[in-house]
Structures are given as structure tokens and as C-alpha cells.
Amino acid sequence: YAAPYNEIAAANEIISTYEEGIDDIEVRYKIAQARAMRAYSYLQLAPYFQFGYETSADLPCVPIVTEKTENFTENPRATTAEVYDLILEDLNWAIDNLDGYQRSSKSRIDKQTAYGLRARAHLYMGNWEQAAEDASLAAQGYSPATINQVSTPSFYSIDETNWIWGYDMTSDVALINPYATASSWIRSFSGDGYAAGTQVYSCINRLLYDKIPESDVRKGWWVDADLESPLLDRISWNGASGKDISTLEIENVKQVFLPYTNVKFGMNSIGSTSNDEDWPLMRVEEMILIQAEGLVRSGRTELGRQILEEFIRTYRDPLYSTYATGRPLEDEIWYQRRIELWGE
């Protein structure tokens, strides 16, 4: 609850620094990014503090705080609809004012990132056609990670070509508190972190793991019940590789992997103590899944099915067919989200 409101406070400070209606293009870029970040923060809050938009639009969600808010203590919870109205207002403004902006890093929000955020908002609201359209715009120019690229622990560098937006963790920031980083918490290869050091590995639910076909490269994103994964064959730690990494014990550094431990998230250097890996905030794969769901739920079922099948067959499982799973297509898309975006 506190973290998104801290981000909202920072965004409000930037927005309030400048006069309303200012024409300076560089200033408008800054305001647009701040408003998009504020929308992102409310998109983190709304689903956690109220049920879905379609059933709970008129029910209380979270307090709205903008640059114009003066009384913070007498500020009751806004309705879910009011929160999403602000989210869309901010993202519409950001999209309209980010034309021509060339970001220096994928840690910045550009127009495509804003489209991606608005695709999420429309998806949460049940605006299926708009979600599909915005997701398509966000994905332009990006390609999913290939089967080969995700056949080794990855998802650790903002330079990965499938990332649309990410957190660029610097060594200086990581050193402030190296145990309070994603690498310490969720990556299984840190040489100085909670996960490996105390055997609190992030593991997949076995029921979900068992549903993943052997032909799907993502099966290897976790070790199996015998602590084996083909992803481990392509890396080494203290001279160990393959299953020997799973059973490797280093005093005060690494404990034996648990069954179904994730090896999805790699590191700049296996066993590194710096914990300065980057974190994905938006990938093109998510946008493809939003587009597929938006199309299916808006009645363009076969086009949505085609997009989903092409993505999975080309980039994850060459033997994939939506007809072979036995799940309704909407549920199949959700299942693919659970696998593809696990841990993110």
C-alpha cells in the first residue's frame, strides 16, 4: 500500500512543479511520464483493494491523491470507477503528449509503454476491444524472446530485446540494501541473498508445473521433483553444472534447491553478490496475451486463437495447439499468462 502512494507522491510533486497548460515540449514529456507513473501506481493498488471493475465499479477502492489534493486526512476511499477514471485520464494525457519523445533508457516511459499501461487498464475494466488495440500498439517493433534465449536463466537485463519497460538496477542503488532487491528475494543464484542463502526459494505450484507439456521450453524454468532442469546445463556455479548446481551447498551462501525451485530468473554472473540485476515491468509477451484475450472476449475468437497459437508455437512450444488442451480458450489464455509471467 505504501510503495505505490510514495510513487504517486513523487509524480504529484513533478506535476505540480509546472504551470498547467505549459507549452514547453520537454516539460510536457516530464509531466506525461509522471502522469503515466501515477496511473501505473493506481493500477497496482486498485486490484488489491477491491474486486474486479465489472462487478465492483461503484464500491469503495482506495483514496485518490493528486497534485490538487489538500486535505489528506479527510480523504475517503474513492469508488473503483473513480480510480479507473483517473487512470485513463492520466494515460490518455500521457499518450497525447509523448509524441516524438525518444527515451534514453527503457527505464523511462515512452508512448508505447503508456499504450501498454492503458491496455492493462482496459483489460482490467473489461474493455476488450480497446485492450487489444492498445496492446497491439505497445508491441510494435518488439519480438518475444526466442526458445533459445529462454533456454537459459534470463529475465535479468533491461537490454533484453523483448522488454518494453523495466527497472534498471544500478550497482550503487543495489548496494544501499542488497538484501532488499529482487535478486536477493526471487533469483535462485545469488551469492549473497535470502533465496539461496536461507533456502527460501520461489517455487512453482506442482499442480501448475504438471500441466506444462514436456515440449514447452518453459517447463525448464523450474527444477522438477528430482531437482533437474535443462536450463542448468548451460550455466555453472563454483564449477558445478546441471543437477550439481541444484545440490550444491556453500556455507552461508547457498542451500540445496527445493523441488520446483525457479531457475527462470538468471543473473549477470551466477553466484554474484551484487544483486544488481534489472527487473521487467512490461514485456512484449504480455501485450501479445492481452491482445489475444481482448480479441477473443470481443468476439473475434479465431483471430485471437491465431495470435496465441503463433506466439506459443514460434517462441515456446512447437507442438502447441489450443484444441489439444481441453480448456476453454479464455481459460487457456489465462493459463498461458500464469506460465509466461510467473513471478513477475
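Here, the structure is the one placed above.
Quick look at the structure, then.

Some details on the overall build of the protein
So, step 1. The helix and strand tally for the protein stands at 14 helices and two strands.
So, step 2. A globule of 344 residues ought to have a C-alpha radius of gyration of about 20 Å, and the protein, at 21 Å, matches this closely.
So, step 3. In terms of principal-axis extent, the alpha carbons of the protein reach across some 60 × 50 × 40 Å.
So, step 4. Accessible area for the protein stands at about 16000 Å²; split by element, carbon and sulfur atoms hold 48% of it.
So, step 5. Considering the protein, the positive charge centre built from 30 side chains and the negative charge centre built from 52 side chains are found 4 Å apart.

What about a nonpolar patch on the surface?
So, step 1. Where nonpolar side chains cluster on the molecular surface, the patch consists of Tyr179, Trp185, Tyr194 and Val200 and spans about 420 Å² of accessible area.
So, step 2. By the element assignment, tyrosine 194 lies in helix H9 (residues 194-198).

Topic: the pairing of strand E2 (residues 279-283)
Each regular strand shows side chains that alternate between the opposite faces of the sheet.
So, step 1. The buried count for E2 comes to four of five residues, which makes it a mostly enclosed element.
So, step 2. Pairing of strand E1 (residues 163-167) with E2, which is carried by four bridges, proceeds in the antiparallel orientation. Bridging from a neighbouring strand, tryptophan 163 pairs with arginine 283 of E2.

Focus on the packing of aromatic side chains
So, step 1. Here the structure, examined in full by the defined rule, presents 18 aromatic pairs.
So, step 2. Ring plane angle 55 degrees and centroid distance 5.1 Å describe the contact between tyrosine 29 and tyrosine 101, whose orientation is recorded as tilted. Here the residue tyrosine 29 occupies a position in helix H2 (residues 25-49), and tyrosine 101 occupies one in the loop between helix H4 (80-97) and helix H5 (111-125), the gap between them amounting to 72 residues. In terms of burial, tyrosine 29 and tyrosine 101 fall into one category: buried.
So, step 3. An aromatic cluster is defined as three or more aromatic residues linked by ring pairs; in this entry it consists of Phe155, Trp221, Trp222, Phe265, Trp279 and Trp342.
So, step 4. Across from the ring centre of phenylalanine 257, 4.3 Å away, lies the NZ or CZ of lysine 254, which sits over that ring.
So, step 5. For the cation-ring pair, arginine 327 lies above tyrosine 335, with the distance from its terminal atom to the ring centre recorded as 3.9 Å.

A closer look at H4
So, step 1. Given a rise of 1.5 Å per residue, 18 residues ought to cover 26 Å, and the 26 Å separating the end C-alpha atoms of H4 matches this to within 8%.
So, step 2. For H4, the full list of buried residues reads Thr80, Ala81, Val83, Tyr84, Leu86, Ile87, Leu88, Asp90, Leu91, Ala94, Ile95 and Asn97.
So, step 3. In this structure, the buried residues of H4 make contact with H2, helix H3 (53-56) and H5.

Quick word on the pattern of salt bridges
Where charged atoms from two side chains of opposite charge approach closely, those side chains can pair.
So, step 1. Going through the model one piece at a time under the given rule, you end up with 21 salt bridges.
So, step 2. Arginine 120 is the partner of glutamate 286 in a salt bridge, and the nearest nitrogen-oxygen pair spans 2.8 Å. Of the two residues, glutamate 286 sits in helix H12 (residues 284-297) while arginine 120 sits in helix H5, which places them 166 residues apart along the sequence.
So, step 3. Owing to a relative accessible area of 6%, glutamate 286 belongs among the buried residues under this scheme.
So, step 4. Arginine 120 sits in the buried class, given a relative accessible area of 9%.
So, step 5. As a salt-bridge pair, glutamate 285 and arginine 283 come within 3.0 Å of each other at their nearest N and O atoms.

What about the layout of surface pockets?
So, step 1. Estimated volume of the second largest pocket: approximately 370 Å³.
So, step 2. Along its surface, the second largest pocket is lined by 17 residues, and Ile15, Glu20, Arg35, Glu67 and Lys68 are the ones closest to its centre.
So, step 3. Contributions of two or more residues to the lining of the second largest pocket are made by helix H1 (2-17), H2 and H4.
So, step 4. Among the elements that line the lining of the second largest pocket, the one with the most residues is H2, at four residues.
So, step 5. In terms of residue class, the lining of the second largest pocket is made up of six nonpolar, three polar and eight charged.

A few points about H1
So, step 1. End to end, H1 covers 23 Å across 16 residues, agreeing with the expected 22 Å (1.5 Å per residue, within 8%).
So, step 2. When H1 is considered as a whole, its buried residues turn out to be Pro4, Tyr5, Ile8, Ala11, Asn12 and Ile15. Each buried residue of H1 sits inside an arc of 115 degrees when the element is viewed along its axis, so together they form one side. Exposed residues pointing more than 90 degrees away from the buried face of H1 are listed as Asn6, Glu13 and Thr17.
So, step 3. Residues of H1 that are buried make contact with H2.

What counts, and where the lines are drawn
Residues numbered from 1 in each chain as written. Predicted model: local features only at pLDDT ≥ 70, side-chain atom pairs only at ≥ 80, totals over all residues. Heavy atoms only, no water. Helix = DSSP H or I, 4+ residues; strand = E, 2+ residues; numbered from the N terminus. Rg over C-alpha atoms; globule rule 2.2 N^0.38 Å. Areas by Shrake-Rupley, 256 points an atom, 1.4 Å probe, with all protein chains shown as cover. Lys, Arg positive; Asp, Glu negative; His and termini not counted. Charge placed at Lys NZ, Arg CZ, Asp CG, Glu CD. Patch = residues over 30% accessible without salt bridge, like charges linked within 9 Å, V, L, I, M, F, W, Y side chains within 5 Å. Salt bridge = Lys/Arg side-chain N within 4 Å of Asp/Glu carboxyl O. Buried < 20%, exposed > 50% of the residue type's maximum accessible area, 1.4 Å probe, protein only. Pairing = 2+ DSSP bridges. Phe/Tyr/Trp six-rings, centres within 6.5 Å; stacked < 30°, edge-to-face > 60°. Lys NZ or Arg CZ within 6 Å of the ring centre and 35° of its normal. Expected span 1.5 Å × (residues − 1). Contact = heavy atoms within 4.5 Å. 1 Å grid on protein atoms, 1.4 Å probe; cavity = no way out; pocket = protein on both sides within 12 Å on 5 of 7 lines; lining within 4 Å. Points joined across faces, edges and corners; volume = space filled by probe spheres on them. Nonpolar A, V, L, I, M, F, W, Y, C, P; charged D, E, K, R; others polar. Arc of directions from axis to C-beta.

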